[in-house]
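As a plain string of letters, each chain reads:
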Amino acid sequence: MTLTVCGLIGSPFFRKILTQLNEKDVDYDVEQLSPFGAGEEFTKINPVRRIPVLKDSDNGDDWVLPDSTAIFHYLEKKIPEPALVPEDLADYGRALWFEEYADTEMASTFGLGVFRRIVFPQMQGNEPETEKALEVVRTKLPAINDYLEQALEGREWLAGPGFSVADISVAVQYANLSFAGYIPSADRWPNLAAFMARVGTRDSFAAPHVKAVAAFANMKKLTVDPKENL
C-alpha cells in the first residue's frame, strides 16, 4: 500500500488529512500540488479544482479521490484504528456536523475573509488587505468563536470522549487564522483557547502545523488591539 496525499501545507484541508494519517501512524507520501498552477488534467481529477487529492496504489495507478471529507471517511474505512469518528450514534452525528461546519462556514469566513486577504496579496508581492481582514475579525469571527465556546463547555473534545474528525476539522481552520496573525482572546473564549492548546500538544497535528508556520513566517500579520478583546 502506498498512500499519497497531494496538496500544499498551507491548506487546512490538506493538513486535516495529514493529521488523520499521523494519528493512525501509517506511512504516506506527500506530493506538492497547487490548484492555481495545475493544468486541465487537474480539472479532470477534481472539477472544483481544490486540494487535497488522495492516491492509493491498492486501487491502481490511476485511482484518485478528491475532497478532504471524502478522503477522511475513505481512510476511516481503510484504516479503522485508532478510530477518529465516534462509535456512539449521537456523538457520530455531532462529529459530522462539526466537520461540515468547519469545512463550509468556518473555511469561508476564515479563509476568504481573513487568511487570503493577508497571505495571497503578499504571495504576489503586494501589501496585505489588512483593514478588510480586520473588519471580518470584528464583525464575523466573534459569532463563530461564541458558538464553539459554548459547544466546548464541560467538554475536552467536540464530539464524544475522544479526539475526532470534529476536532481536527475545527483546529486546522483556526490554525490558518494564526498564520494570518489572529488568535482568539483567551479571556473572552477560554474553552476555545484551552481546546486549541490541547490539540496543539498532539504530535499528529503539530508536525504539519509547524511546517505551515515556517512557510508563512516571513509574512506580515494582522495586529489586533488587545483592548478590543477579540
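Summarised in this report is the structure supplied together with it. Here the structure is a predicted model, which means the values were calculated and not measured. (Residues numbered from 1 in each chain as written. Predicted model: local features only at pLDDT ≥ 70, side-chain atom pairs only at ≥ 80, totals over all residues. Heavy atoms only, no water.)

### Structural notes on unusual backbone geometry
Trans peptide bonds make up most of the peptide bonds, and negative phi angles are found at most residues other than glycine. A cis amide bond, omega 10°, links isoleucine 51 with the succeeding residue proline 52. Inspection of the secondary structure puts proline 52 in the loop between helix 2 (40-45) and strand 3 (53-56). Omega for the peptide link from glutamate 81 to proline 82 comes to -10°, which places this bond in the cis form. Along the chain, proline 82 turns up in the loop between helix 3 (68-78) and helix 4 (89-123). At aspartate 25, a position not held by glycine, the phi torsion is positive, near 55°. Within the secondary structure, aspartate 25 sits in the loop between helix 1 (12-24) and strand 2 (29-32). Residue aspartate 25 is classed as exposed on the basis of its relative accessible area of 71%. The backbone phi angle of aspartate 67 is positive, close to 80°, even though this residue is not glycine. (Helix = DSSP H or I, 4+ residues; strand = E, 2+ residues; numbered from the N terminus. Buried < 20%, exposed > 50% of the residue type's maximum accessible area, 1.4 Å probe, protein only.)

### Observations concerning the packing of helix 7 (residues 165-180) against helix 9 (residues 203-215)
Closest axis-to-axis distance for the helix 7/helix 9 pair is 11 Å, and the angle between their directions is 25°. Our classification of the angle between helix 7 and helix 9 gives roughly parallel. For the element pair helix 7 and helix 9, the recorded crossing hand is right-handed. From helix 7, Ala171, Val172, Ala175, Ser178 and Phe179 reach across to helix 9, where they touch Phe205, His209, Ala212 and Val213. Each residue belonging to the contact of helix 7 with helix 9 can be placed in one class, and the counts come to 7 nonpolar, 2 polar and no charged. (Axes fitted to C-alpha atoms, helices over the stretch in contact; angles between N-to-C directions. Parallel < 35°, antiparallel > 145°, perpendicular 65-115°, else oblique. Left-handed = near helix turned anticlockwise from the far one by under 90°. Contact = heavy atoms within 4.5 Å. Nonpolar A, V, L, I, M, F, W, Y, C, P; charged D, E, K, R; others polar.)

### A word on the sheet that holds strand 1 (residues 3-7)
Sheet architecture is open: 4 strands sit in the order 2-1-3-4, paired in mixed fashion. Because the sheet does not close on itself, it has two edges, and the strands there are strand 2 and strand 4 (64-66). Going across the sheet, the axis of each strand differs from the next one's by a mean of 25°, ignoring polarity. (Pairing = 2+ DSSP bridges.)

### Describing the packing of aromatic side chains
Scanning all chains against the criterion turns up 10 aromatic pairs. Taking 5.1 Å as the distance between ring centres and 70° as the angle between the ring planes, the aromatic pair formed by tryptophan 157 and phenylalanine 163 counts as edge-to-face. You can call phenylalanine 163 buried: its relative accessible area is 8%. Aromatic ring contacts, followed pair by pair, group Trp97, Phe98, Tyr101 and Tyr147 into a single cluster. In this structure, arginine 198 packs its charged tip against the face of tryptophan 157, placed 5.7 Å from the ring centre. (Phe/Tyr/Trp six-rings, centres within 6.5 Å; stacked < 30°, edge-to-face > 60°. Lys NZ or Arg CZ within 6 Å of the ring centre and 35° of its normal.)

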